[in-house]
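Structural features, examined
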Amino acid sequence: MMRLSFFLFIVFTSIHAYSQVSKGDLIIRNGTVLTITKGTLTETDILVEGGKIKAIGKSLKAAAGVKEIDAKGLYVMPGIIDAHSHIAIDAINEDTHPITPEVKVGDAIDPFDIGVYRALAGGVTTSHAMHGSANAIGGQCQTIKHRYGEMDPTSFIFQEAPRTIKFALGENPIRIHGEGRGVQPRTRMGVERVIRDAFQQGLVYKDKWNKYEAGKKKNPNLPPPVYNERYQTMADILDGKIIIQCHSYRADEILMLLNVLKDFGVKKITFQHVNEGFKVAPELAAFGAMASVFSDWWAYKFEVYYSTAYNATILTRNGVITSINSDSGELIRHLFHEAAKTQRYGGLADDEALALITINPARQLGIDQKVGSIEVGKDADIAIFSGHPLSIYTIPQMTIVDGLIRFDLKNDPADMRIYVDPTEDTPTYYGQEEIDGCMRDTELMYSHRH
Amino acid sequence: MLRKLGMSLSCCFALFSISIGQPVLDDLPRVTSSIAIVNVKLVSAPGKTPQVSTVVIKDGVITQTGQNISIPDDAYRIDGDSLFAYPAFIDAFSRTGIKEQESSGGSGMQTHPGGRPQRPAVDAEGNPSLTDAGITPFISVRSSIDAKDKSIADWRAQGFAIAHVVPDGKMIPGKGALLVLTGKNVDELMWKEDVSLFSQWSGAGNSYPATMIGMMAKWRELYHNASNNVIHEAVYTNATLVSRPNYNQAHEALMPVVQKQMPVFFRAPAVKDISRAMTLQHDLGMRMVIADAQQAWHMANEFKSGSIPLILSLDLPDDKSESKKEKEEKEKPVSVPPPDSLKTIAGEKAVQDPEKEAFEKRRNESLREHRAQAANLAKEKIPFSFGTRSIKTTDFNKYILLMIDQGLSPDQALSALTTQPAKLLGIEKYAGTIETGKMGNIILSNKPIFEKEASIRFMIVEGDLYEYDIKEKKKKAPKTGDESLDVIAGTWSYAIETPDQKREGTFEFKIDGEEIAGKIKSNDITSGNEDLENIVFESDDLSFTFDFEINGQIVELEFNLTVKDESFDGTVTVGEMGTFSITGTRIMKPQQ
């Protein structure tokens with residue numbers, strides 16, 4: 001149980017530098033288990049050992065003293081995964097250049113962000129902390145686990161998750177760089193140009209180092225080329241080491257990027273927002289691109305007027321692996337409502353709707369072998385609800401990460417802040433948050449979000 | 001305060017027309033280069049009990065200590081009967097001696113009031129010059145030292161003899177130096193140059209790198225290239241047919257860091273700052289010192305092995321709750337109840353909100369944790385030094401005493417100001433204790449040094465003697481019509497000279513017993529807050545602060561005035577934007 005005394009205890013026990021992740025043992029009894037990938041099991045137990053799901057079945061035996069959670073009458077589902085958020089990071093946009101692939105939001109994790117606890121209170125155990133959309137190629141994103149209560153920022157890192165990187169098309173990079181600074185890109189054509197240039201630079205850079213490595217075998221005195229973190233990252237994308245996560249709205253720009261990627265032989269991509277994805281769903285499916293969308297959020301700026309709440313359904317029915325994301329510290333608390341909307345708009349089945357916030361985002365982030373469903377051997381990231389999670393009346397009861405209870409509706413104290421600023425004024429409510437969203441850190445220049 | 005010994009000595013030793021201590025005339029030699037402190041209660045090192053001893057210093061070096069030692073004929077004698085002697089303090093992380101105007105600009109970029117710096121030329125934003133990027137590891141702090149800067153005398157008066165000073169700037173401001181806090185010019189102050197590289201999490205505003213993530217990426221790239229440079233230079237020296245290495249001023253300057261000859265002093269106040277600096281250290285492997293730490297107790301385990309030395313900030317957060325409560329209570333009888341508060345109108349005491357109470361409790365707990373940082377780390381046996389970089393001289397004593405209140409022993413405090421920093425800076429052979437052969441750096445105080453009533457009577461810095469008057473403590477009981485406070489009561493007009501224009505307004509001071517309440521009125525102030533805070537008036541010096549709101553950001557204005565009859569002059573420091581001169585006159589006295 002996460003009590004305050006626990007925080008005070010870990011103050012002196014946390015270990016730095018890729019410290020071991022805390023993991024727990026427990027058994028959840030008699031719940032209705034929504035496995036997502038293997039159907040729904042009634043009156044079923046889940047045994048957790050060392051943070052992993054050890055067994056799923058009826059009347060399982062657990063070692064003496066293992067914590068028991070009575071889930072009779074409750075619904076047990078895999079922890080929700082948000083494929084697009086900006087919680088738990090202190091820097092979102094390095095908006096000083098249109099191309100900044102070298103920066104990593106994983107360097108700015110904020111373990112004290114109360115937003116993480118709020119996400120846990122909505123059953124979300126993993127999120128994809130993304131760089132913002134100010135730059136055509138923004139920074140590398142970080143998949144994090146919501147290990148709220150740990151003091152060490154590195155303990156939030158989802159160790160096995162592959163690297164991901166933010167691209168952004170359309171109005172945001174044009175506004176920041178073209179209109180704001182008078183540099184390329186000033187138009188959608190310009191966005192394509194700077195992305196192609198960056199890939200080309202990556203190729204040239206890669207070539208330079210390949211020649212150096214080959215030449216060094218003959219001549220050990222060969223001087224190394226100048227190291228460039230920016231183009232090294234572009235080379236890593238070209239080598240398939242990083243999954244592109246591209247902020248996009250319009251169908252034309254989505255097709256444009258697919259063409260660019262074909263030219264450079266890059267295959268791994270998930271489009272984010274992708275409000276006009278329904279227009280190019282077959283093309284996305286043919287490429288193998290995935291899509292992470294809002295359920296019904298649009299018209300907040302010109303390029304997002306042509307949208308539909310049927311987007312997720314149309315993409316799903318066309319064979320595109322689709323997820324629903326929050327991009328918001330508020331929406332992240334009820335992604336299960338967002339998924340449920342696809343039953344009203346498109347009539348997705350229960351498991352299809354729930355897949356949008358569990359196994360599908362896991363696939364998009366490359367972590368589907370670890371999380372996203374309730375299966376033996378997977379991480380014990382589990383959310384327990386009072387009713388079916390797609391019911392509007394359901395209330396999250398408990399959220400478990402790696403077998404440890406990180407949210408407990410009944411037993412958590414009211415004030416869950418970890419660090420309290422001794423000089424702040426007494427708040428009327430705590431954690432009055434900054435604006436979460438793609439355009440944070442740029443608001444002094446332009447106030448649009450997303 | 002500081003009295004030059006010149007006058008008094010020319011009376012004592014009428015034969016000589018010159019003096020010891022700071023010479024009255026710059027080019028005249030001292031009377032003698034020997035000082036003997038006779039029968040002083042000597043604490044030669046932290047942890048030692050006071051023992052009556054005599055200490056002799058000659059030519060800046062301690063030549064003898066002990067009892068019954070022969071005092072050289074030419075020694076200037078200080079009667080130590082009523083005095084305690086301590087090794088003078090060493091400031092592990094400091095900006096002592098840096099010219100005041102240096103603090104405003106840094107790299108020469110203009111700043112918007114309360115906002116981001118003004119933008120450089122468009123092309124330069126994404127790929128700025130090293131200077132605009134705040135990456136200047138090639139700069140030595142020496143160029144910004146002014147031997148006549150007030151801070152040198154001020155910190156010396158607090159007991160400091162040696163300071164490790166690092167330059168102002170952004171992400172990598174430059175290289176630090178060791179100063180001995182006595183001397184007429186920079187060469188005399190300078191002990192060792194380029195002893196450290198200074199880095200901090202301070203972005204380049206509108207230029208790259210602007211954010212934490214940009215700075216982390218940039219550090220990695222710089223280090224990587226400096227490492228390549230080291231290899232390339234070696235090959236270029238030792239082999240033939242090798243092309244000349246690329247020259248980059250920053251990479252060149254970082255080579256001693258890569259070669260682990262120069263430690264990086266990383267300013268990391270908050271726990272996240274520390275953790276990110278440590279991530280860099282972990283990834284790159286440089287020698288690192290965590291400096292200016294204000295929340296290091298969260299990371300205690302990281303410092304246990306001692307491989308990353310720790311310098312604690314002497315800064316402590318203000319106790320907001322107390323000052324707020326006092327203010328509220330004072331305002332109670334006169335304040336008009338707000339119309340929406342029915343309870344107050346009914347004259348009932350407002351019921352405390354339990355949620356608010358819980359918030360208050362946690363905030364107080366957090367405040368206590370900050371104050372107990374040093375004590376808790378000492379309990380964990382984690383070695384640390386103190387650095388003054390983020391505090392004002394006037395807060396030094398107050399904050400040390402608050403830390404001692406929370407369980408830091410005076411011995412632990414003394415070691416964090418003497419032997420620990422000496423070890424950290426590699427000067428333990430020369431400084432940190434009072435022993436034969438060490439530099440003649442001694443504090444003489446009237447009481448044990450960290451007692452509340454203690455004050456420094458003499459400072460000896462490398463054999464130079466400075467004498468201080470004991471400030472008379474203000475009497476507690478308020479006298480009716482206390483004259484000293486009436487001097488400032490009433491309304492004053494003021495004018496601040498800023499580069500672009502003159503700013504004018506009025507101050508109003510009301511005296512109630514020993515309490516001074518003040519208000520500021522000006523067309524420049526639109527936020528509604530007019531209250532002056534932290535008002536202190538002693539002899540002729542009046543100081544106070546005001547939270548000024550510019551574009552939604554609070555900037556603290558710090559006023560330091562000297563009052564003479566019906567007028568004052570002095571300075572006002574506007575956050576980090578600079579210090580400006582201010583003058584004023586009294587236009588109205590309070591009605592009797």
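See the structure above.
Note that the coordinates shown come from a computational prediction; the quantities given were computed from them, not determined experimentally. (Residues numbered from 1 in each chain as written. Chains lettered and ligands numbered in written order. Predicted model: local features only at pLDDT ≥ 70, side-chain atom pairs only at ≥ 80, totals over all residues. Heavy atoms only, no water.)

All right, on to the overall build of chain A then. When helices and strands are tallied, chain A shows 11 helices and 16 strands. Against the compact-globule benchmark of 22 Å for 450 residues, chain A has a radius of gyration of 22 Å, which places it among compact chains. Seen through its principal axes, chain A has C-alpha atoms that stretch 65 × 55 × 55 Å. Expressed as a percentage of its 450 residues, the buried residues of chain A come to 62%. (Helix = DSSP H or I, 4+ residues; strand = E, 2+ residues; numbered from the N terminus. Rg over C-alpha atoms; globule rule 2.2 N^0.38 Å. Buried < 20%, exposed > 50% of the residue type's maximum accessible area, 1.4 Å probe, protein only.)

Moving on, we get to the packing of aromatic side chains. Considering all chains together, one arrives at 34 aromatic pairs over all chains under this definition. Three or more aromatic residues joined by ring pairs make a cluster, and in this case those are Trp492, Tyr494, Phe507, Phe509, Phe544, Phe559 and Phe568 of chain B. Across the ring face of Tyr208 of chain B, the terminal group of Arg230 of chain A is positioned such that the distance to the ring centre comes to 5.2 Å. Over the ring of Phe93 of chain B we find Arg389 of chain B; its NZ or CZ atom is 5.9 Å from the centre of that ring. (Phe/Tyr/Trp six-rings, centres within 6.5 Å; stacked < 30°, edge-to-face > 60°. Lys NZ or Arg CZ within 6 Å of the ring centre and 35° of its normal.)

So, on to the side chain of Ser307 of chain A. Residue and element names in this part refer to chain A. Locating Ser307 in the fold gives a position in the loop between strand 12 (290–293) and helix 8 (311–317). By relative accessible area, Ser307 is classed as buried at 15%. For Ser307, the side chain forms a polar contact with the side chain of Asn275, separated by 3.0 Å. In contact with Ser307, other than residues within four places in its own chain, are Asn275, Phe278 and Trp298. (Polar contact = N/O pair within 3.5 Å; in protein donor to acceptor, adjacent residues only side chain to side chain. Contact = heavy atoms within 4.5 Å.)

Before going further, it helps to spend a moment on the packing of helix 4 (residues 188–218) of chain A against helix 6 (residues 251–264) of chain A. All names here are of chain A. At a closest axis distance of 11 Å, the pairing of helix 4 and helix 6 adopts a crossing angle of 20 degrees. Judged by the inter-axis angle, helix 4 sits roughly parallel to helix 6. The chirality of how helix 4 crosses helix 6 is right-handed. On the side of helix 4, the interface is formed by Arg188, Glu192, Ile195, Arg196, Phe199, Gln200 and Leu203, while helix 6 contributes Glu253, Met256, Leu257, Asn259, Val260, Leu261, Asp263 and Phe264. (Axes fitted to C-alpha atoms, helices over the stretch in contact; angles between N-to-C directions. Parallel < 35°, antiparallel > 145°, perpendicular 65-115°, else oblique. Left-handed = near helix turned anticlockwise from the far one by under 90°.)

With that settled, consider the interface of chain B and chain A. The parts lose accessible area when they come together, and the size of an interface is often stated as this lost area. Residue-level contacts link 57 residues of chain B with 65 residues of chain A. Summed over both partners, the interface of chain B with chain A buries about 5100 Å², with 55% contributed by carbon and sulfur atoms. On the chain B side of the interface with chain A, the three residues burying the most area are Ile213, Phe359 and Arg362 of chain B, jointly 16% of the side's total. At the junction of chain B and chain A, the tally comes to 5 salt bridges. The salt bridge partner of Lys272 of chain B is Asp90 of chain A, with a shortest N-O separation of 2.9 Å. Counting across the chain B and chain A interface gives 17 residue pairs in polar contact (both at pLDDT 80 or more). Secondary structure elements with two or more residues in the side of chain B that touches chain A: helix 3 (122–126), helix 7 (212–238), helix 9 (271–284), helix 10 (300–304), helix 11 (320–331) and helix 13 (354–371) of chain B. Per-element accounting of the side of chain B that touches chain A gives the leading share, 12 residues, to helix 7 of chain B. (Buried area = accessible area lost by both parts, 1.4 Å probe. Salt bridge = Lys/Arg side-chain N within 4 Å of Asp/Glu carboxyl O.)

Before going further, it helps to spend a moment on the pattern of salt bridges. Evaluated as defined, the whole model comprises 57 salt bridges over all chains. A salt bridge links Arg188 of chain A to Glu303 of chain A, with the shortest nitrogen-to-oxygen separation between them at 2.6 Å. Of the two residues, Arg188 of chain A sits in helix 4 while Glu303 of chain A sits in the loop between strand 12 and helix 8, which places them 115 residues apart along the sequence. Residue Glu221 of chain B is joined to Lys218 of chain B by a salt bridge in which the shortest nitrogen-to-oxygen separation is 3.4 Å. Within this pair, Glu221 of chain B and its partner Lys218 of chain B are both found in helix 7, separated by 3 residues, close to a single helical turn. Each member of the pair, Glu221 of chain B together with Lys218 of chain B, is buried. Several salt bridges converge on common partners, so that one network encompasses Lys52, Lys145, Arg147, Asp379, Asp381 and Asp402 of chain A.

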